[in-house]
Structures are given as C-alpha cells and as structure tokens.
Amino acid sequence: MAFKLNVNGETVTVDVPADKPLLWVLREDVGHTGPKFGCGIAQCGACTVHLSGQPIRSCVMPVSAVGEQTITTVEGVESDAALAIRDAWRELDVVQCGYCQSGQIMSATALLEQNPSPSDDDIDNAMSGNLCRCATYKRIRAAIHLAADKLEA
Amino acid sequence: MFGKIKLPARPMNRRSFLKVVGLSGAGFMVGCSESTDAVEKTSSGMRSTVSTVDLGPFVRINSDNTVTVIVKHLDKGQGSTTGLPAVVAEELDADWSQMRAEFAPANTEVYKNLFFGVMGTGGSTGMANSWMQLRNAAAGARAMLVGAAAARWGVDAADIHIANGVVSHGESRASFGELAADAAAIAPPAEPVLKDPSEFTLIGTHLPRLDSNAKTDGSATFTLDIDRPGMLIAVVAHPPRFGASVSSFDAAAALDVAGVEQVVQIPQGIAVIADNFWSAKKGRDALTVEWDESGVDRRGSDELFAEYDAALASPDGKVARSDGDVDAAFAAADKVIQREFRVPYLAHATMETMDCVIEYRGDAAEIWTGSQLQTVDQQIAAGILEVDPSSVQIHTQFAGGSFGRRAVPNSDYVAEAASIAKAIDGRAPIKLQWTREDDMRAGYYRPMSSHILEGALDTDGNITAWRHRIAIQSILAGTPFAGMIQNGIDASSVEGASNLPYAIPNVHVRLNDMDTSVPVLWWRAVGNTQNGYVTEAFFDELARESGRDPLEYRLALLKDHPRHTAVLNLAASKAGWGENPGEGRGRGIAVLESFGSVVAEIVDVSVDQQGNFSVDKVTCAVDCGIAVTPDVVKAQMEGGIGYGLSAALREEITITDGGVDQANFDRYRPLRINEMPDIDVHILPSANPPSGVGEPGTPPFAAALAAALADATGKRVYRMPIGDQLQA
C-alpha cells in the first residue's frame with residue numbers, strides 16, 4: 001500500500017504493507033537509520049521518534065496509523081531544545097556504545113520542549129522507557145540538567 | 001577475559017574446527033614500516049578529495065591535516081576509538097582536534113592483540129597491549145615528520161619543534177599534512193625516542209570522545225545500518241531448546257508472505273530471506289518447523305542448581321589453590337562459618353542484537369559486523385565458505401554493546417551468516433538480523449554457579465582458614481579455545497577466587513566442572529563477577545561476625561597489596577567511611593583486582609520498612625595504571641557499576657525443560673534511569689603502564705551492595721539477583 005509520510009519536514013511516499021512498523025519504514029524505505037531496533041515490543045526506546053512532537057516507540061507503530069502526523073527522527077530534530085540536548089550530550093561525553101542514544105536524545109528533547117526545567121523525578125518519568133546497557137544514565141541526567149540550564153540562560 | 005589464544009593456523013571447516021593446534025608465536029611489531037599494503041583503504045566516504053599517507057600501519061596523515069589512527073580494537077562503548085588515538089596524539093604532539101579514528105581491517109599479522117596472538121578485543125586488554133606499540137608507532141611517525149621538515153628547511157632535526165600539530169623551526173612552520181608525503185620517504189628510526197611521562201600534555205587530561213558527534217546525530221554506523229546493493233535480510237528460526245535440530249519444515253506459508261524470496265535450511269535452523277526485515281520476520285512467524293528434540297538436555301535451572309550443590313557436597317573436585325593445612329586449621333578453629341551462594345545465568349542483552357552483513361562471491365567474502373575476534377570470525381567464515389581466510393575481508397563496525405557477547409570461540413552468528421550466504425550460493429548480500437527473542441534465547445550466557453564458602457576464626461576473630469568450593473560450567477571446554485585450559489582448570493571459572501589477596505595462612509579453592517547444554521560465554525569481567533561477589537560478601541560477613549570494621553579487617557590482611565590498600569583508603573576517605581549512615585541506611589565496601597586493575601567500591605543504600613531499597617551513592621576508587629583518558633576511565637567505572645547493579649537487582653536467565661524462559665525486556669528487566677545511583681569515581685595517580693578499565697568496575701559492586709543491605713537490615717543475601725528477597 002502507498003502511504004504519504006511527512007518525515008523531517010519532507011513528504012515521502014512509500015509502498016509497504018500496512019502493518020509494517022514505522023521504525024522499519026523509516027530505516028528501510030525512507031533511509032533514516034538513526035532510530036534503532038532494540039526489542040520490537042516498546043520496552044527499550046531505541047526506536048524513539050517524535051510523532052507530532054510526542055516521543056513514540058516506532059517499533060510498534062504500524063505505518064498505517066501515522067496518517068497526517070509529522071514524524072521527526074534524530075537526523076531531523078532541530079528545535080532549540082534539541083540543539084541544547086545534543087550540545088550537552090557532547091559536552092559531557094554521555095555516549096558509550098551509542099546505540100540507544102538516538103532514542104535517548106529524542107526522549108530528552110521532547111521532555112525539554114515540554115518542560116524547560118525538569119526535576120530529577122521529571123527526568124525519571126520521561127526517560128525510564130529508554131534502556132541503556134552501558135548505563136550512561138548518570139550522564140544522561142546531568143546532560144538534561146545542563147541543557148535546561150543553557151536554554152534558560 | 002583470556003590469555004594467549006590458540007587457534008588452528010589454517011582455515012577451519014566445520015569438521016576440523018574443534019581440532020586445535022598452536023598458532024605461530026606473537027612477535028612484537030613496531031608500527032613504523034612504510035608498507036601501505038597492510039592498511040586497507042576502507043570506505044569512510046571521505047577520500048575523494050583528501051589524499052592520505054600512511055606512516056606505518058597505525059598512523060595515517062591526511063592532506064586536510066587530520067590524523068587518522070587505525071584502531072585495531074572493536075569499540076563497543078569502552079572508548080578504544082578515543083583512548084588509542086590519545087596515545088598516538090601524545091607521542092606525535094598532535095592537536096586533539098585533528099585526531100580521527102578508523103577501525104583496522106582484519107589482518108592478524110599486523111593488527112593482532114599482542115597479548116592474545118590473534119586479532120581481538122577482550123579481557124580489558126585494548127589499551128594495555130597497545131600502549132607501547134602505539135607509542136612507538138607514533139614516535140616513529142613523529143621522527144619521520146621531523147626528518148621531512150629538517151630536509152625541507154635544511155636544518156638539524158634536533159632543532160625542530162612540534163606542538164599542537166604544528167612543526168616549526170624559527171620562523172618556518174608546516175602542518176603534518178604538508179609534510180606527510182616527504183615524511184613517508186624518510187626511514188623510520190629503529191628505536192623511536194619516547195617521551196618521559198612527565199612530558200605528557202594530552203595523556204591524563206580531559207579529551208572529548210572522538211565518537212560523540214556521530215553518536216548524537218544518528219550518523220554513527222552500526223552493523224544494523226549497513227546497506228549493500230541488492231542486499232536481502234535473513235531472519236532465522238532457531239531451535240526452541242538447546243540441543244534440538246530441524247526435523248522437517250514447511251516453507252509454503254512463509255513463501256506466501258510478500259517480500260519473502262527464499263527459505264533455506266542451515267546448520268543453525270531455518271533462514272527466511274526477504275527483501276526487507278518485516279517480511280522476513282513475518283515469514284518466520286508463518287514458518288512451520290518440526291524440531292528433533294531427541295538430543296535435548298531437559299534439565300531446568302532448579303535441577304541444575306541441585307546437581308551443582310550435590311557436586312559441591314561430594315569429595316571430588318579440582319584443586320585451584322592450596323595453601324597451608326586447611327583441614328587442621330578448621331579443626332582447631334574457635335568458630336566456623338559456612339555459607340552457600342548461588343548466582344544465575346545472565347544474558348549480555350546488548351542493545352544492538354546480534355547482526356552481520358556478508359557478501360560472498362564464490363572465492364572471496366566481505367563481512368561487516370562489530371567483530372570482537374576478527375581472526376576467529378575470519379577463519380570460521382572462511383572454513384564455511386571454503387575460501388582462504390585472507391580472502392575474507394572484515395569491516396569492523398561500531399558495536400551496540402558487547403560485554404563479551406561478540407567474542408565467541410565459534411563465531412556463532414558470523415558462522416550463521418556465512419552458512420546462509422553459502423546456502424544461497426552468494427546470489428545476494430545478506431544481512432542476518434537477530435530479533436531480541438533470538439538474542440535472549442539462542443545463547444550465550446554468563447554461567448550459573450553454586451559456591452560454598454567456609455571461614456575459620458580464632459578467638460580473636462582472625463581468619464585462620466578459608467575454603468571455597470565452586471561448581472560452574474567451563475566457558476572454554478568443548479570450544480576451539482579449549483587448548484587454553486591449563487592443568488584442567490579454566491581460569492575463567494576460578495578468577496576472583498583462586499587469587500584471593502588476603503593474608504590468610506590456610507586457603508583452599510576447589511572447582512567442580514559442571515556440564516550442561518546451555519551455551520556459556522564470558523560476560524563483563526567473567527568469573528570475577530560471581531567469585532568477586534561471593535568472596536567479598538563472605539569476607540564482609542566474617543568481619544561483622546568478628547565484630548570488626550570491614551575496611552580495617554581488609555587492610556590488616558592486605559599489607560602485601562599496596563594497590564588494594566591504596567584504593568580502599570582512597571574510596572574510604574572520599575566516602576567518609578566510618579560515619580554513621582543513619583536510620584534506614586546502610587553502607588558496604590568491597591575491593592577486587594581484575595584485568596590488572598584494582599577497584600574499591602563503597603555503596604550507600606536506603607531501605608524502607610517493607611524491604612524496598614534504593615542505591616543512593618557509589619564511591620569508586622580505581623588503580624588502572626596511567627589513566628590515558630581519565631573521563632573514559634570514569635565512564636567505564638560508572639557503566640561497570642550500572643551493569644553490576646542491573647544484574648544484582650533483577651537479571652536472571654532461567655532454564656525450563658531445556659529452553660530459556662525469558663525472551664525480551666518484559667521479563668529480563670535491566671536497570672533503568674530511575675534506579676541509577678550517583679557515582680563518584682576517583683582515579684589513583686599512577687606511573688605504571690595502563691591496565692584494564694572496561695570490566696574491572698563491575699566485580700566489586702554486588703558484594704558491596706550486599707554488605708550495605710546487611711548493614712541496613714541485618715539480612716544477608718546469598719543468592720543473586722536480589723529481587724524481592726529482602727521483602728520476604
């Protein structure tokens with residue numbers, strides 16, 4: 001089936017089965033490989049992208065459910081919050097293996113877009129769906145606070 | 001993780017790969033030859049306008065004045081693509097901003113791990129084995145650049161200065177890029193002059209990771225991201241139980257799935273091949289497979305633990321260490337304490353599931369994967385494809401975690417990819433993609449183990465004897481690495497136990513080798529994780545039973561171990577050891593040496609009335625020799641502690657009827673951000689050569705946590721994971 005998608009501000013048309021998860025459509029049919037496959041059951045968050053600005057797990061979202069909503073991947077996210085998050089991630093060298101970090105950054109960006117000065121509890125609530133086996137969590141928390149401080153300044 | 005690796009010297013096929021003969025000896029190679037043959041020009045997509053000059057196999061100078069370090073070790077997060085370039089940058093007097101990293105091609109002779117004798121990463125040896133090799137390589141390259149500048153300017157090489165990547169003499173200035181072509185014509189010095197460590201300007205300072213940019217904008221390439229023209233995706237139906245094999249299968253429904261092109265039987269199961277992942281996965285779901293389970297070992301975890309415990313109770317076993325007269329000391333003891341411990345199978349559960357891209361063209365093949373043992377992967381793939389190993393190129397990719405999983409003596413998933421490529425006669429490039437369920441249920445696991453610890457105390461509470469019995473399955477036995485087992489004892493089974501550092505006059509460590517069909521493998525710090533937990537947790541209990549402070553009790557028995565003493569004292573002073581942690585709180589300490597480094601950890605916990613607990617803070621002190629990139633060292637301690645905490649809280653692979661019970665992160669539940677403690681890492685200043693950091697942060701953690709929980713509640717944990725034991 002043909003689906004017209006709005007990905008990172010561009011309209012693309014893909015011809016895929018209706019039940020194909022958005023993650024695999026983005027990776028295989030659109031060519032954005034930033035979102036990663038981790039579990040396939042919305043338990044790890046490596047596949048996180050924004051749908052109309054909200055973080056969602058693209059591994060369980062059938063492409064047919066996307067409709068007119070805008071899709072943003074790590075390659076295309078460029079809000080002030082996103083730039084602050086990315087800078088903070090780099091300043092604190094959050095990454096280790098890096099595989100989950102696209103998803104972490106998308107969840108963190110959505111958090112800051114909605115809550116410019118999150119508390120530790122806010123961070124826990126927003127980020128606990130994103131697993132990191134390298135356990136970079138301490139730096140993720142610090143980077144979100146750093147990004148929030150810089151946005152505020 | 002392992003010492004010198006012995007492999008067959010020629011390509012292995014399935015029939016012969018269990019026959020192990022020695023590989024030729026590992027000679028030390030100074031990386032300053034001008035030969036460029038060894039360095040493959042891999043495709044990083046940047047060479048169209050930039051020309052390159054190789055000054056030996058490790059240092060590449062580019063015409064845009066960047067310096068690419070050829071990194072022979074996989075980077076799975078531990079930072080080899082930052083740490084190894086730092087060594088080069090130091091001896092080259094480069095500017096950090098000009099440094100780049102690229103993975104080396106599979107070439108055992110040039111890029112072998114000098115500790116293993118084969119190309120591979122593990123045992124936290126990446127920096128340790130590269131340290132002098134890269135210093136020599138970079139100092140040699142520096143001398144060549146200096147020689148080129150001296151010739152160009154007609155001055156004495158001794159008067160040439162290099163700082164921050166700028167070569168200068170008086171008013172003359174040149175960049176590395178400008179001098180590189182001339183430098184390549186200069187003979188490298190036989191013995192390059194190395195810096196005195198007091199002259200280091202980069203090593204030991206904060207250097208930003210070279211992979212941070214690519215890993216924060218989605219551009220870093222993992223195996224999952226590799227695409228080749230005409231590439232097909234393979235998803236494999238693996239046996240539901242260990243030891244099962246395909247009896248028959250019906251591919252009709254799978255082939256009806258749009259996009260599925262072929263279904264083939266391979267030794268590992270049934271491969272469904274499609275033009276995209278989703279079709280391949282749906283094809284696998286539609287497949288009907290009858291499994292021959294006649295060879296299945298149907299024992300489950302409970303039966304296995306019962307057998308392990310029975311083995312411990314028997315008089316049999318191999319002696320891993322015997323000091324003094326343990327029996328006499330126990331007979332004379334004022335008090336004897338005996339405790340039994342159990343630790344479970346654990347999955348590595350890397351974020352990136354196992355995956356491998358292979359392109360097979362009859363007489364040659366190319367492989368893209370996060371290869372951790374390139375020599376082994378190359379030889380095993382070559383054996384399956386019946387080509388010469390030198391015809392198998394490996395393009396090592398960033399790996400989305402490993403923790404040991406990608407260093408497999410039989411190259412399990414690389415072999416699977418090669419088997420598929422062979423089965424379809426290489427008609428298309430193949431990406432083998434494991435789902436999380438494959439990853440969790442098809443192997444591999446940190447082995448489970450049972451332990452009995454006994455301590456003899458005299459009337460003053462001093463430990464007069466220590467006996468430790470271990471029942472565990474060998475990682476090496478039955479694999480192509482079995483030749484590494486010495487005197488019948490797999491070092492992985494007893495590490496962290498047989499090297500107990502305490503000055504106890506009578507020590508006996510005994511091993512019972514257990515046999516199961518569950519595939520086991522090294523797991524971040526391997527035997528040190530279970531043995532470090534049980535020995536240090538038991539030591540803490542002996543201290544408390546004797547009414548002694550666990551820190552002082554340790555220090556009294558570590559007088560011959562200055563590094564242990566130093567990290568214990570450093571951690572204790574930073575954490576404020578001895579202060580009362582307060583009501584509902586507890587504090588524990590542990591220390592362990594592994595992979596040449598010594599780590600002490602102090603854990604602070606809070607426990608409520610119901611037995612719910614949180615880890616509030618971990619204070620860590622590490623002696624890893626010279627900390628080349630201290631922030632990476634700290635990150636590895638943080639990550640190693642988080643990995644240990646994750647395992648201690650809930651992680652457990654259980655076996656029922658010969659199969660794994662857990663399949664995904666809904667039942668195998670790793671640590672999440674809300675459970676991550678504050679971690680304070682302190683690095684002991686050292687002038688010794690660098691030792692490991694990827695693994696040593698994990699082993700002391702579980703014992704320090706158990707000690708902290710005992711301090712808070714009076715209850716001791718003898719079984720991992722902790723789960724809800726404190727709530728019982």
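Because the structure is a prediction, the values reported are computed rather than measured. (Residues numbered from 1 in each chain as written. Chains lettered and ligands numbered in written order. Predicted model: local features only at pLDDT ≥ 70, side-chain atom pairs only at ≥ 80, totals over all residues.)

### Points about the nonpolar core
All names here are of chain B. Heads up, the rule is: Here, a nonpolar core denotes buried Ala, Val, Leu, Ile, Met, Phe, Trp, Tyr and Cys residues that are linked to one another through C-beta atoms within 7 Å. For every residue, the other C-beta atoms within 10 Å of its own C-beta are counted; 20 or more classify it as buried, 12 or fewer as exposed, and values in between as partly exposed. C-beta atoms are placed from the backbone. A helix here means a DSSP run of H or I that spans at least four residues, while a strand means a run of E at least two residues long, and both kinds are numbered starting from the N terminus. With C-beta atoms placed from the backbone, a contact is any residue pair whose C-beta atoms sit within 7 Å.
With 270 residues, the main nonpolar core has Val88, Ala234, Val272, Val567 and Val622 as its most contacted residues. When residues of this core are assigned to their parent elements, the largest contribution, 14 residues, is made by helix H3 (residues 126-153). Apart from residues lying up to four places away in sequence, Val622 is in contact with Val567, Ser597, Val599, Val633, Met637, Val681, Ile683, Leu684 and Pro696.

### Looking at the sheet that holds strand E2 (residues 59-62) of chain B
Backbone hydrogen bonds hold the strands of a sheet together, and the pairing may be parallel or antiparallel. Residues and elements named next belong to chain B. The test is simple: DSSP calls a pair of strands paired once it identifies at least 2 bridges connecting them. Axis lines are fitted through C-alpha atoms, for helices just across the contact stretch, and the angle between N-to-C directions can take any value from 0 to 180 degrees.
Within the open sheet, the four strands sit side by side as E1-E2-E3-E4. Their pairing is mixed. Only two strands of the sheet have a single neighbouring strand rather than two, namely strand E1 (52-54) and strand E4 (99-103). Averaged over all pairs of adjacent strands, the angle between strand axes in this sheet comes to 30 degrees, irrespective of strand direction. For E1 and E2, the ladder comprises three bridges, and the chain directions are antiparallel.

### Some words on the sheet that holds strand E23 (residues 506-514) of chain B
Residues and elements named next belong to chain B. Pairing within the open sheet is mixed, and its five strands lie in the order E13-E23-E22-E21-E14. The open sheet has two edge strands with one neighbour each: strand E13 (318-323) and strand E14 (335-343). When strand polarity is set aside, the average angle formed by the axes of neighbouring strands in this sheet is 10 degrees. Sheet strands touched by helix H7 (residues 301-313): E14, strand E21 (449-457), strand E22 (463-473) and E23. Its angle to E21, the strand with the most contacts, is close to 35 degrees. Those strands touched by helix H13 (residues 527-545) are E14, E21 and E22, and its axis lies near 150 degrees from that of E14.

### Describing the packing of helix H2 (residues 80-91) of chain A against helix H3 (residues 101-114) of chain A
A pair of packed helices is captured by two measures, namely the crossing angle of their axes and the spacing between those axes. All names here are of chain A. Test applied: Reported orientations rely on four angle classes, namely roughly parallel under 35 degrees, roughly antiparallel over 145, roughly perpendicular from 65 to 115, and oblique for the rest. Take the far helix as your reference; a near helix turned counterclockwise from it by less than a right angle gives a left-handed crossing, and one turned clockwise gives a right-handed crossing. Gly is placed with the polar residues, together with every amino acid not listed as nonpolar (Ala, Val, Leu, Ile, Met, Phe, Trp, Tyr, Cys and Pro) or charged (Asp, Glu, Lys and Arg).
Packing of H2 against H3 leaves a shortest axis separation of 9 Å and a crossing angle of 130 degrees. By the angle class used here, H2 and H3 are oblique. Between H2 and H3 the crossing geometry is right-handed. Taking contact as the criterion, the partners of Ala81, Ala82, Ala84, Ile85, Arg86 and Trp89 in H2 are, on H3, Ile105, Ala108, Thr109, Leu112 and Glu113. Grouping the constituent residues of the contact of H2 with H3 by class yields eight nonpolar, one polar and two charged.

### A look at unusual backbone geometry
Residue and element names in this part refer to chain B. Here Gly443 and Tyr444 are connected by a cis peptide whose omega angle stands at 5 degrees. Mapped onto the secondary structure, Tyr444 falls in the loop between helix H11 (436-441) and strand E20 (445-446). A cis amide bond links Met720 to the next residue, Pro721, at an omega of 0 degrees. When you line up the elements, Pro721 lands in the segment after helix H17 (699-713).

### A look at the confidence of the model for chain B
Residues and elements named next belong to chain B. Counted only if it meets this: pLDDT is a per-residue confidence score from the predictor, ranging from 0 to 100.
On average, chain B scores 93 in pLDDT, and the residues at 70 or more come to 93%. Note on residues 8-47: pLDDT under 50 across the span, and 68 contacts to partners over four residues away in sequence or across chains. Scored as a complex, the prediction yields pTM 0.95 and ipTM 0.98.

### Considerations on the interface of chain B and chain A
Every contact between the two is made by 47 residues of chain B and, on the other side, 44 residues of chain A. Of all elements in the fold, only helix H6 (277-286), helix H16 (630-649) and strand E29 (678-683) of chain B reach the threshold of two or more residues within the side of chain B that touches chain A. Element by element, the count of residues in the side of chain B that touches chain A is highest for H16 of chain B, at seven residues. Taken together, the residues of the side of chain B that touches chain A break down into 19 nonpolar, 15 polar and 13 charged.

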